[in-house]
Amino acid sequence: MSARSDEILDAAERLVRRAGYAAVSTRAVAEAVGIRAASLHHHYPTKSDLGEALAARYTDRFLEELGSPDAARHHPEGPIALYCDAFRQSYKRDGALCLCGVLGAEVQSLPTPVADQARVFFKRNLNWLTEALRRPGKPPPHRDAVRILASLEGAMMMASALEDASVLDTVCEDLSALQNA
């Protein structure tokens with residue numbers, strides 16, 4: 001991936017996380033980067049191509065930052081705290097919703113490749129959480145994984161709507177009880 005492609009994806013991510021996919025045009029992304037729309041289309045021929053690449057990169061980066069589920073099981077504060085912290089830090093650093101949470105809210109109106117890539121984020125995160133929470137002799141904790149991911153996505157929306165990042169802290173405190181259950 002070229003430096004220009006990264007610039008385009010960075011600008012698109014900022015815009016989509018704040019306004020939603022439908023509200024963002026390729027022209028707006030090009031303007032945010034300081035290039036012509038034709039130059040953007042050289043890298044991403046369609047808005048759908050841009051959206052698909054954006055969601056894929058976001059998913060990969062998010063999971064890379066978390067590390068392996070096995071390493072998370074051995075994290076001093078536990079995998080739930082590690083996972084919660086990823087959401088908290090993202091919100092506090094960027095002041096914006098989770099990109100794939102935004103796309104998930106719009107999934108019915110997204111082009112199929114973008115919707116599919118947004119679903120990949122949720123599936124991969126549920127798999128990561130299920131594996132990170134796995135304990136010998138216990139059934140796979142898929143229900144807990146669903147509860148954690150849904151709670152954090154909802155908490156981000158509430159924190160944004162209320163302009164109060166402490167909402168995420170409250171939800172994370174409540175979720176930490178699952179670690180000891």
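Quick notes on the rules
- Residues numbered from 1 in each chain as written.
- Predicted model: local features only at pLDDT ≥ 70, side-chain atom pairs only at ≥ 80, totals over all residues.
- Heavy atoms only, no water.
- Helix = DSSP H or I, 4+ residues; strand = E, 2+ residues; numbered from the N terminus.
- Buried < 20%, exposed > 50% of the residue type's maximum accessible area, 1.4 Å probe, protein only.
- Axes fitted to C-alpha atoms, helices over the stretch in contact; angles between N-to-C directions.
- Parallel < 35°, antiparallel > 145°, perpendicular 65-115°, else oblique.
- Contact = heavy atoms within 4.5 Å.
- Nonpolar A, V, L, I, M, F, W, Y, C, P; charged D, E, K, R; others polar.
- Core = buried A, V, L, I, M, F, W, Y, C linked by side-chain atoms within 4.5 Å.

Peptide bonds are, in most cases, trans, and in most cases residues other than glycine have a negative phi. One non-glycine residue, glutamate 163, adopts positive backbone phi at about 50°. Looking at where glutamate 163 falls in the secondary structure, it is placed in the loop between helix H9 (142–162) and helix H10 (166–179). Assessed through its relative accessible area of 73%, glutamate 163 is described here as exposed.

A separate point is the packing of helix H1 (residues 3–19) against helix H4 (residues 47–66). At their nearest, the axes of H1 and H4 sit 10 Å apart, and the two run at 90° to each other. For the element pair H1 / H4, the angle class is roughly perpendicular. Contacts from Asp6, Ile8, Leu9, Asp10, Ala12, Glu13, Val16 and Arg17 in H1 reach Leu50, Ala53, Leu54, Arg57, Tyr58 and Arg61 in H4. Residue composition of the contact of H1 with H4, by class: eight nonpolar, no polar and six charged.

Counting residues in each nonpolar core, the largest one holds 58 residues, and the members touching the most others are Tyr83, Leu103, Trp128, Ile148 and Leu152. By residue number, the principal contributor to this core is helix H8 (residues 112–133), which donates nine residues. Those residues in contact with leucine 103, other than ones at most four positions away along the chain, are Val16, Tyr21, Ala55, Leu110, Val114 and Ala118.

For the rest of this paragraph, the subject is the environment of methionine 157. With respect to the element layout, methionine 157 can be found in helix H9. Exposure remark for methionine 157: the relative accessible area of 48% places this residue in the partly exposed category. For methionine 157 and glutamate 106, which are 51 residues apart along the polypeptide, the C-alpha to C-alpha distance reads 14 Å.

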